[in-house]
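Chains, contacts and geometry: an overview
The lines below spell out each chain.
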Amino acid sequence: MEAELDSCRAKLQAVEAQLLEVLEEKLRLRQEVEAWEEDMHQMVRQRVESQLQRESQGTLGAPVNPQTARALQVRFPLGRWGRWR
């Protein structure tokens, strides 16, 4: 009986170690996704501001109020996998 208990404890510890590894990997991946999202937000913001600036200079069409650019905000939802918290 005691040998069986020791065996079960060892298996439990192995499973707990695997779970910890998976959680650490999930955290690492979540941080990568957040960094990617921030990069994408910055890139889109720069492109929108650049386009609005060109439009206001008349290179793409009618002038656009630069204040409009500040109101634009692009979001990239992650769906059902997107929340670690």
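Residues numbered from 1 in each chain as written. Predicted model: local features only at pLDDT ≥ 70, side-chain atom pairs only at ≥ 80, totals over all residues. Heavy atoms only, no water.

1. Points about the overall build of the protein
- Secondary structure assignment for the protein yields two helices and zero strands.
- A sequence separation of at least 24 residues applies to 56% of the contacts in the protein between residues at least 6 apart.
- Counting every atom, the protein has about 7600 Å² of accessible surface; 55% of that belongs to carbon and sulfur. (Helix = DSSP H or I, 4+ residues; strand = E, 2+ residues; numbered from the N terminus. Contact = heavy atoms within 4.5 Å. Areas by Shrake-Rupley, 256 points an atom, 1.4 Å probe, with all protein chains shown as cover.)

2. Some points on the pattern of salt bridges
- Overall, the coordinates contain four salt bridges when judged by the stated rule.
- Among the ionic pairs, Arg9 bridges to Asp6, the shortest N-O distance being 3.7 Å. One end of the pair, Arg9, and the other, Asp6, are both in helix H1 (residues 2-56), three residues apart, so they sit about a helical turn from each other.
- When its relative accessible area of 48% is taken as the criterion, Arg9 is described as partly exposed.
- Arg28 is the salt-bridge partner of Glu25, the closest N and O atoms lying 2.6 Å from each other. In this pair, Glu25 and Arg28 both sit in helix H1, three residues apart, roughly one turn of the helix.
- For Arg28, a relative accessible area of 37% puts it in the partly exposed group. (Salt bridge = Lys/Arg side-chain N within 4 Å of Asp/Glu carboxyl O. Buried < 20%, exposed > 50% of the residue type's maximum accessible area, 1.4 Å probe, protein only.)

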